[in-house]
Amino acid sequence: MSLKFLTGKLTFNSLRPLDLSICSKDEIRAYFENSYDLNESLFTALKDPNSLYKCPDRLRLPLVFYYAHTAVVYVNKLLLAGLLKERVNTTFETMFETGVDEMSWDDTENYRMGGSYKWPSVEDVVEYRRNVRNIILKLIADTPLQLPITMDSPWWGLVMGMEHERIHLETSSVLLRQLPVHLVRKPQGWQYAPLTWESGCGENQMVRVAGGEVTMGKPKDFPSFGWDNEYGEVNCSVPEFEASQYLVTNGEFLRFMQDGGYQREELWSKEGWQWLQFRQARHPTFWVCEQGCKGGCGADLAACSPCTPSENNNAPQNSFGHSNGFVDNQPVAYRYRAMFDVIDMPWDWPVDVNYHEAKAFCSWKGPEFRLPAEAEHHLMRRPQLPVSMGTKSDIIYQEKSETNFNLRYGSSTPVNMFAPTEAGFSDVFGNVWQWTEDHFNGLDNFDTHFLYDDFSSPCFDGKHNIILGGSWISTGDEASRFARFAFRRHFFQHAGFRVARSVAQGGEAKLPIRLVNTEVFVLGSGPLENPPVLDTDKVSMVSTTNLQYCIDATLPLNGILELEFGFRDSLPAVAATLAANVARSFKIPMTSAMFVGSATGRGAFELSKYFDQVLGVECCGRLTNAALQLQTGSALAFGEGQEAVLNADMKPERVVFKQLTWLPNEVNHHNLVIFSHLERVQNPKAWLVRLHEVTSNNGVAIIVSAEGVWNKDVLHSHLGHRLHCADAQQLSYTSPSGESTATVTVWRHK
């Protein structure tokens, strides 16, 4: 066991989350150190510290990224919150800031996965984590604490870092579980649950629920930390339904396997079957056979199979025993990959599967079977204490809850081990996450927090399904009654499912399931194909609550091209000329510029006349795609017989375009920064709060507001503590409606 990853102590005992209305500094310190220690303790399972550079999943970065990432997020968020004044290591805080968000199961490997990419040494990343730990401990000791801690408090950023760390405790555990088993060993203090409980779980009976009214959403003033998607509210009426008493077990899933479930295309959705063929899956990912099944690791582990006798270490040789399943009509004996060992198959534990596998099982059960709705899951939990009781109403704060979460065990448990709810359902919280039919989306009145504007909203694309209830390793906010998380449907997690079906009520009632029907444009691919797997007449088809997706879907591209290229003195053109003149007047080097809100690119191309390098940043994929087409020399038609083309004096080779949901450190800093179209982003403050850092110390930032909303007085609350307004003026430009004016403010470092 490699203890060199520890900057604190080895522990697998998780504290309960903070009550932000009454917590003391001692409690904050203890929760911070516990969060930090838990994450680091996971990595002590690596037999060789150099395994930190392995890729357990071909769609994820090497483990070193996840080890360092959480410390980097503390620094980046605390800087935005104003609790930290200086960076610790800018290189690390750029390299480890943003991970991989694959769009599909067949995405190509990120360049940072390959052996040619130079990651820092183990010693350097451990020392970085140690430095960040010490800085935060000093911050806790020295910073005045005012209670309660709310979203408006700088301390919210610190608690956010702790809860983010706990999310990655789970993320890293899944990755370690995917590593070839010979590279890991069970750490001291890690305990698996018993394989069976009492006489076993027996048949998985369907339990009827009378239905009722459900209100989903966390009150804004609830005294615990919450992620943005938890807030807001949705009220819905849930018709009578049935759901399985237990989560579907490995034993129950075996029957689907024995009936050829992985070979029968008719049981799978189109997307699910495509995934299955690509992955060549023959059984759940954490089942182990001896048939050499295709593995999912990346980089130098890509050829590894978890299903070979030599890989099934940490278990006696020839321990597979008798056949309990079939692959290609051949008898196969299955075992089970727990976190750090291959063990005898725990038939009464819940099966770990992705959404596609869960849906195929439902189809195999019969056409009336499906996954539960988010709202139905809430009814299965009842009764719950009223939220007016504060944290006592949340199960993660209840010391005596009979639930397998918060690292009670280092594995799943038999589905009959804990008592059911009064509604009749076991494991509504804990054990494994539970897939639902609902697409991930914000609740009504959804809003983001400026410290982490894109935590949830990029996933409101109709390609992510909600998971609920938490798993055995869920701690903190993840184990809360309010937690709503989501993954792409092919994604592997400590996740399982239960089956549900509707109960007819004089005609089929509408299901309380919400599916996103907004078209989402993916740069490089175009609009996402996203056919629903349920009858759309029986569910609610809703718009995404991601403002940027809505704008991207509804903004007429022709209209934007006309606004930008239809007039010689359009707004981006005259703004770029003004910016160049301002830069000259302040004697600013004409080296690097960034145009934020670059749309179809006119402003960025105009800046290329004056600056050596230009970065165009836009949140909308459709607009960015048009800019990239123009950069290649293409002409884009708009209006009647008009075309958008680049002028001969523009230098497109100097321009780089990026679609971004925020301003990460990778954008660097520039001599000139123009912000335009703030109305097109979900949370303007989240973008503006970084303006001082993306503008060089001797540089200038210019904010252009066509509507005049973003004037000096409004902007000062976001920018005044780091930047001062050096000028404010009205800018004339031509638009389809004629002569127009925009408000322009110029900002410099104090």
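About the criteria used
- Residues numbered from 1 in each chain as written.
- Predicted model: local features only at pLDDT ≥ 70, side-chain atom pairs only at ≥ 80, totals over all residues.
- Heavy atoms only, no water.
- Helix = DSSP H or I, 4+ residues; strand = E, 2+ residues; numbered from the N terminus.
- Contact = heavy atoms within 4.5 Å.
- Polar contact = N/O pair within 3.5 Å; in protein donor to acceptor, adjacent residues only side chain to side chain.
- Disulfide = S-S within 2.5 Å.
- Buried < 20%, exposed > 50% of the residue type's maximum accessible area, 1.4 Å probe, protein only.
- Lys, Arg positive; Asp, Glu negative; His and termini not counted.
- Salt bridge = Lys/Arg side-chain N within 4 Å of Asp/Glu carboxyl O.
- pLDDT = per-residue confidence, 0-100.

### Some points on the environment of Trp 747
So, step 1. Take Trp 747: it is sitting in strand β27 (residues 738-749).
So, step 2. Residues in contact with Trp 747, not counting those within four places in the same chain, are Gly 699, Val 700, Ala 701, Ile 703, Lys 712, Leu 715, His 716, Leu 719, Leu 723, His 724, Cys 725 and Ala 726.
So, step 3. Polar side-chain contacts of Trp 747 include one of 2.8 Å to the side chain of Thr 745.

### Some details on the state of the cysteines
So, step 1. Following the criterion strictly, the structure yields 0 disulfides and no others.
So, step 2. No disulfide involves Cys 201; its nearest neighbouring cysteine sulfur is the one of Cys 362, lying 17 Å away.
So, step 3. Here Cys 201 falls in the buried class, since its relative accessible area comes to 12%.

### Digging into the side chain of Asp 341
So, step 1. Relative to the helices and strands, Asp 341 resides in the loop between β8 (335-337) and β9 (342-344).
So, step 2. An unpaired buried charge is present at Asp 341: no salt bridge exists, and Lys 186, the closest side chain of opposite charge, is 4.6 Å distant.
So, step 3. Looking at Asp 341, its side chain comes within polar contact range of the side chain of Tyr 192, at 2.6 Å.

### Section: the confidence of the model for the protein chain
If pLDDT is low for a region, its predicted coordinates should not be looked at in detail.
So, step 1. On average, residues of the protein chain carry a pLDDT of 93, and 95% of them reach 70 or more.
So, step 2. Contacts of residues 315-322 to residues separated by more than four positions or lying in other chains number 13 contacts, the stretch itself having pLDDT below 50.

### Some points on the pattern of salt bridges
So, step 1. The tally for this structure, following the rule as stated, stands at 39 salt bridges.
So, step 2. A salt bridge links Lys 463 to Glu 271, with the nearest nitrogen and oxygen atoms 4.0 Å apart. Of this pair, Lys 463 sits in the loop between β10 (433-439) and β11 (464-468) while Glu 271 sits in helix α7 (residues 270-279), and the two are 192 residues apart along the sequence.
So, step 3. For Lys 463, a relative accessible area of 13% puts it in the buried group.
So, step 4. Note that Glu 368 and Arg 501 form a salt bridge whose closest N and O atoms lie 3.6 Å from each other. Placement of Glu 368 in the loop between α8 (355-365) and α9 (374-380) and of Arg 501 in strand β14 (residues 500-502) is noted, with a sequence separation of 133 residues between them.
So, step 5. For Glu 368, a relative accessible area of 41% translates into the label partly exposed.
So, step 6. Via salt bridges that share partners, Arg 29, Glu 33, Asp 37, Glu 40, Arg 129, Arg 133 and Glu 165 belong to a single interconnected network.

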